Amino acid sequence: MTEINKNKLSTDSYKGVRDFYPEDMAIENYIFNIWKKTAESFGYVEYGASILEPTELYKAKSGDEIVNDQTYSFKDRGDRDVTLRPEMTPTVARMVAGKRRELKFPLRWYSIPNLFRYERPQRGRLREHFQLNCDIFGLEGIEAEVEMITLAYQIMKNFGLKDEQFEIKINSRGLLIETLAKQGIPLEKITDVIRLIDKKNKLKDFDEQYKALTGKEFELNLLANLKINSLITKLSKKNIQINFDSSLARGFDYYTDIVFEIYDKNPANPRALFGGGRYDNLLDIFGEEKVPAVGFGMGDVTIRDVLETYNLLPEYKSTTQVAILPFSADFYDEAEKVANEFRGNNINAVVDYSDKKIGDRIAKIDKEKIAYILIVGEEEVKTKTYKLKQLSTKKETEISLNDIKKIIWKNI
Ligand code: HAM
């Protein structure tokens, strides 16, 4: 063994993040496409930003757990504190605040950022995930919540999920705060208490922790308030059922009123698929006037697990539609010409340069899920006709280069 081999590097990716080999990337693209299509169908426009943010952006409002324990933070070479964004909401609030005077409200914005959280990697939780964020800025009324939840619901439907497979839970953070205050919990403890309630189902010693923090037994018999009831009624008129859950808390401190989450009902996927709510005060941290805001985030990791559970992932097929196989090196030029003709007609074509046996080459192309092959050999060059073969059906069609334009590629 050589020195180099002894010190070889691991081929594993960094803990808790994913590599996307082409088949995984195709699934990722499928998820992103449904997200984009659905958000755009509701009139949302896309924005983007850098993954790097000044650390102080998260100190003001995100919630201590995220900032202290869950961020990737470091000092840059200029001694600035930098954080890899753990969520998009502070970034979008910063962007809106930055152009507060120029922007025309209401805004409907979406983005699909990758986010970094230093969590213990487990099913449904990784250290890097992609998250669809949809937010409306500038609508005070409940129509914003109605639209947000309708959009979230439509995304689930567009993934092929049935109503009975998932549950939409709502609560009001305002109501939660009010109730806790009425129970005598001091105002300065309420944020910590809500964060603890947010983790209720994950903690074995929740009751003990609750008692230690508040000096009281945990008891929450909230009655849905007017806003919750009105939301339930308005959505049920659209045949969207939502359930009031008095212990739904949400971990971030910036939520001010209605909060919601969507869950798969299958116990294999116990983690929330979406989380969101109203946050009317986040722009305050930039010294800007209040801008009412409602939004949600939906992660790629959890929805992928759900789609797998229900067998709803699309079958993989290559984005390359045709493989051109020159019979030998003598036909490379001709094969290139044919490939270019396909490309010029918006058909993705690859030239298979290989000296392996034709049978092995076809098997490889089939395995790559390329739908069609076309062999270029002496006969084809002479007659200027080619056999286009669909690998799945073994069907062959004789074509000339002129025919490429005429073939309707609807079967591809
Ligand atoms: P969040 O509840 O922290 O909310 O995340 C939203 C969704 O992102 C979760 O329901 C889950 O699907 C996914 N997610 C979160 N953390 C992870 C992780 N470590 N690994 C995999 N998936 C994860 C927010 O981030 C809010 N900023 C959403 C929001 C937008 N609120 C208003 N606008």
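Heads up: the structure comes first, above all this text.
Going along each chain's sequence as written, the residues are numbered from 1 onward. Reporting of local features is limited, given that this is a predicted model, to residues whose pLDDT is at least 70; pairs of side-chain atoms are given and counted only at 80 or more, and all residues count toward the totals for whole chains, interfaces and linings. Only hydrogens and water are set aside when side-chain values are computed; all heavy atoms of the structure are taken into account.

**Q** Help me out: how do you make sense of the packing of helix 2 (residues 22-41) against helix 11 (residues 300-309) in this one?
**A** How two helices sit against one another is set out by the angle between their axes and by the gap between those axes. Here the axes come from fitting lines to C-alpha atoms, over the contacting stretch only for helices, and the angles between their N-to-C directions go from 0 to 180 degrees. In DSSP terms, a helix is any run of H or I states spanning at least four residues, a strand is any run of E spanning at least two, and both are numbered starting from the N terminus. Running from N to C, helix 2 and helix 11 cross one another at 105°; their axes reach a closest spacing of 11 Å. Between helix 2 and helix 11, the interaxial angle falls into the category roughly perpendicular. Here Asp24, Ile27, Glu28, Tyr30, Ile31 and Trp35 of helix 2 lie close against helix 11, whose contacting residues are Asp300, Ile303, Arg304 and Leu307. Residue type decides the class: Asp, Glu, Lys and Arg count as charged, Ala, Val, Leu, Ile, Met, Phe, Trp, Tyr, Cys and Pro as nonpolar, and the leftover types, Gly among them, as polar. Classifying every residue of the contact of helix 2 with helix 11 gives six nonpolar, no polar and four charged. Roughly parallel means an angle under 35 degrees; roughly antiparallel, over 145; roughly perpendicular, 65 to 115; everything else is oblique. Residues are treated as being in contact if the distance between any of their heavy atoms lies within 4.5 Å.

**Q** Before we go on, may I ask you to explain the nonpolar core in this structure?
**A** To qualify as a nonpolar core, a set must consist of buried Ala, Val, Leu, Ile, Met, Phe, Trp, Tyr and Cys residues joined through side-chain atoms within 4.5 Å. The classification of residues rests on relative accessible area computed with a 1.4 Å probe and restricted to protein chains. Under 20% of the type maximum is buried, over 50% is exposed, and intermediate values are partly exposed. Formed by 59 residues in total, the largest nonpolar core has its most connected members in Trp35, Phe159, Leu180, Phe296, Met298 and Ile303. Looking at which element gives the most residues to this core, the answer is helix 6 (residues 143-158), with nine residues. Not counting residues up to four positions away in its chain, the partners in contact with Ile303 are Ile31, Trp35, Met156, Phe159, Leu161, Leu273 and Met298. Counting 20 residues, the second largest nonpolar core, distinct from the first, contains Val96, Ala97, Phe252 and Tyr279.

**Q** I'm lost on the pairing of strand 15 (residues 372-376) in this one. Help?
**A** In regular strands, side chains alternate between the two faces of the sheet. Burial within strand 15 is extensive, with four of its five residues counted as buried. Each pair of strands is called paired provided DSSP finds at least two bridges between the two strands. Sheet topology places strand 13 (residues 322-326) next to strand 15; five bridges connect them, and they run parallel. Bridged to Pro326 within strand 15 is Val376. Where strand 15 and strand 16 (residues 386-390) come together, three bridges link them in antiparallel fashion. Bridge pairing in strand 16 links Tyr372 to Gln390.

**Q** When you look at the site of the ligand in this model, what are you seeing that I'm missing?
**A** What makes a residue near a molecule or strand is one non-hydrogen atom of that residue sitting within 4 Å of it. Residues in contact with the ligand amount to 27 residues; listed here are only the nearest, Glu87, Thr89, Glu119, Arg250 and Tyr255. Contacts to the ligand include Gln131, whose side-chain N or O atom sits 2.8 Å from an oxygen atom. Pairs of N or O atoms within 3.5 Å make up the polar contacts considered here, provided that, within protein, one atom can donate a hydrogen while the other can accept it, and that residues adjacent in sequence are counted only when both atoms are side-chain atoms. Here an oxygen atom of the ligand sits 3.2 Å away from a polar atom, N or O, in the main chain of Gly299. For the ligand, the accessible surface in isolation is 670 Å², of which the surrounding protein chains cover 97%. Breaking the shell around the ligand down by element, the ones donating at least two residues are strand 7 (128-137), strand 11 (274-278), strand 12 (293-299) and helix 11. Areas reported here follow the Shrake-Rupley algorithm with a probe of radius 1.4 Å; residue values treat only the protein chains shown as occluding.

**Q** Can you help me understand the sheet that holds strand 3 (residues 72-75) in this one?
**A** Through backbone hydrogen bonds, the strands of a sheet pair up, either in parallel or in antiparallel fashion. Taken in spatial order, the three strands make up an open sheet running 2-4-3, and their pairing is antiparallel. The sheet is open, and its two edges are formed by strand 2 (52-54) and strand 3, each paired on a single side. Strand after strand, the sheet turns through a mean of 35° between neighbouring axes, direction not considered. The pairing of strand 3 with strand 4 (residues 81-84) spans four bridges and is antiparallel. Paired with Phe74 across the strands is Val82, a residue of strand 4.

**Q** What is the right way to read helix 10 (residues 226-237) from this model?
**A** Every α-helix winds through 3.6 residues per turn, so residues three or four apart in the chain are directed the same way. The span you would expect from a helix comes to 1.5 Å times its residue count less one. For helix 10, built from twelve residues, the straight-helix expectation of 16 Å at 1.5 Å per residue is met to within 8% by its first-to-last C-alpha distance of 17 Å. The set of residues buried in helix 10 consists of Ile228, Leu231 and Leu235. Along helix 10, the residues classed as buried sweep out an arc of 60° about the axis, all on the same side. For helix 10, the exposed residues lying more than 90 degrees away from the buried face are Leu226 and Lys237. Residues of helix 10 that are buried make contact with helix 6, strand 8 (166-172), helix 7 (173-182), strand 9 (242-244) and strand 10 (258-264). Of the residues trailing helix 10, Asn239 is marked for its positive phi of about 65°. By arc we mean the arc of the directions from the helix axis to the C-beta atoms, nothing more.

**Q** Would you mind showing me how to read the side chain of Ser111 here?
**A** Looking at the secondary structure, you find Ser111 in strand 5 (residues 107-111). A relative accessible area of 3% places Ser111 in the buried class. Within the structure, the side chain of Ser111 is placed 2.8 Å from the backbone oxygen of Tyr47, a separation counted as a polar contact. Among all residues touching Ser111, those that are not within four sequence positions of it are Tyr47, Gly48, Met88, Gln131, Leu132 and Asn133.

Keep in mind that these numbers describe shape and distance, not what the molecule does.
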